Amino acid sequence: MSNDSDLKEAQQAANRHSMQDGFVIVMVGLVLIVGSGSFVIPAYIVFIAFFVLYGPKALESLRERYTYPRIGYVQFRMEETATRLAAGIFGFMAVCFALTLVAMFIVQGTISLDLIYGWVPAWIGMTMIGPSVFGADQTGSRYYYIFGILAVSTGFAISILAHDLGRLAISLYLVSLGLVLTITGLVTFGRFLRKFPILESAGEVIDEQ
């Protein structure tokens, strides 16, 4: 039992170490900001496809230039299959959507297609609980819970107070959340550069079991 606990702590420490550059936070923030435009101008969905296709490559390029020369390279072994992970994500999103409809009925007294867009921020906010809990579990850092609480509270606030804005409410929510993440990630990256000088010998691969 203690061996499993020690392995979990080692994996969390390695994950925290690899996330110190802030690039993932910036990337998620930019995706939310760009995605917000697609609810106002549908053609913006093309930019989301761009992030999906080239985002991982851009992230890897940035880390090869700034991260790995400073703290080395950590390679993780995934235990869950992509199919199982995707099923879990979509199942969780479906549960969150059902809870959003319940919240809509409690606040509005009805469930209507006309109100759906205005309540999408609340739904997105609840889905953000998943990444928040996952990040906390993988890194052992409770700061990820702050993001989940912020996402849920602002999502419900916009849905309750500005649901009549429809798609614009979704855009405002995604932009505000994206800006918070992007700024947080950039500040984290700035601290990372100051904290870690470039290592003379980089490129060592640590294979986490």
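Residues numbered from 1 in each chain as written. Predicted model: local features only at pLDDT ≥ 70, side-chain atom pairs only at ≥ 80, totals over all residues. Heavy atoms only, no water.

### Considering the overall build of the protein
Helix and strand counts for the protein stand at eight helices and two strands. The order of helices and strands in the protein, counted from the N terminus, is α-α-α-β-α-α-α-α-α-β. With 209 residues in all, the protein has 34% of them scored as buried. For the protein, long-range pairs separated by at least 24 residues make up 77% of all intrachain contacts whose partners lie at least 6 apart in sequence. (Helix = DSSP H or I, 4+ residues; strand = E, 2+ residues; numbered from the N terminus. Buried < 20%, exposed > 50% of the residue type's maximum accessible area, 1.4 Å probe, protein only. Contact = heavy atoms within 4.5 Å.)

### Let's talk about the nonpolar core
Core analysis: the biggest nonpolar cluster contains 14 residues, and Leu32, Ile124, Met128, Tyr173, Leu174 and Leu177 have the highest contact counts within it. At the level of elements, helix H5 (113-127), helix H7 (143-161) and helix H8 (167-195) are the ones that each hand at least two residues to this core. The dominant element in this core, judged by the number of residues it contributes, is H8, at six residues. Counting eight residues, the second-largest nonpolar core is a separate cluster that includes Phe51, Leu59, Phe192 and Phe196. (Core = buried A, V, L, I, M, F, W, Y, C linked by side-chain atoms within 4.5 Å.)

### Overview of the packing of H7 against H8
Contact pair H7 / H8: the axes reach a minimum separation of 10 Å and the direction vectors enclose 155°. Relative to H8, H7 is oriented roughly antiparallel. As for the relative orientation of H7 and H8, their crossing is right-handed in sense. Contact with H7, carried on its side by Phe147, Leu150, Ala151, Thr154, Gly155 and Ile158, involves Ala169, Tyr173, Leu177, Val180 and Leu181 of H8 and no other residues of that element. Of the residues that constitute the contact of H7 with H8, the class distribution is nine nonpolar, two polar and no charged. (Axes fitted to C-alpha atoms, helices over the stretch in contact; angles between N-to-C directions. Parallel < 35°, antiparallel > 145°, perpendicular 65-115°, else oblique. Left-handed = near helix turned anticlockwise from the far one by under 90°. Nonpolar A, V, L, I, M, F, W, Y, C, P; charged D, E, K, R; others polar.)

### Some words on the pattern of salt bridges
Overall, the coordinates contain one salt bridge when judged by the stated rule. Residues Asp21 and Arg63 are paired through a salt bridge, measuring 2.9 Å at the closest nitrogen-oxygen approach. On the criterion of sequence distance, the pair formed by Asp21 in the loop between helix H1 (2-18) and helix H2 (23-37) and Arg63 in helix H3 (residues 45-71) is long-range, its members being 42 residues apart. Assigned by exposure class, Asp21 and Arg63 land together as buried. (Salt bridge = Lys/Arg side-chain N within 4 Å of Asp/Glu carboxyl O.)

### Quick notes on a nonpolar patch on the surface
A surface patch of nonpolar side chains, amounting to about 620 Å² of accessible area, comprises Val40, Ile41, Tyr44, Phe47, Leu165, Leu168 and Leu172. Examined against the element boundaries, Leu172 turns out to sit in helix H8. Overall, the relative accessible area of 45% leaves Leu172 in the partly exposed class. (Patch = residues over 30% accessible without salt bridge, like charges linked within 9 Å, V, L, I, M, F, W, Y side chains within 5 Å. Areas by Shrake-Rupley, 256 points an atom, 1.4 Å probe, with all protein chains shown as cover.)

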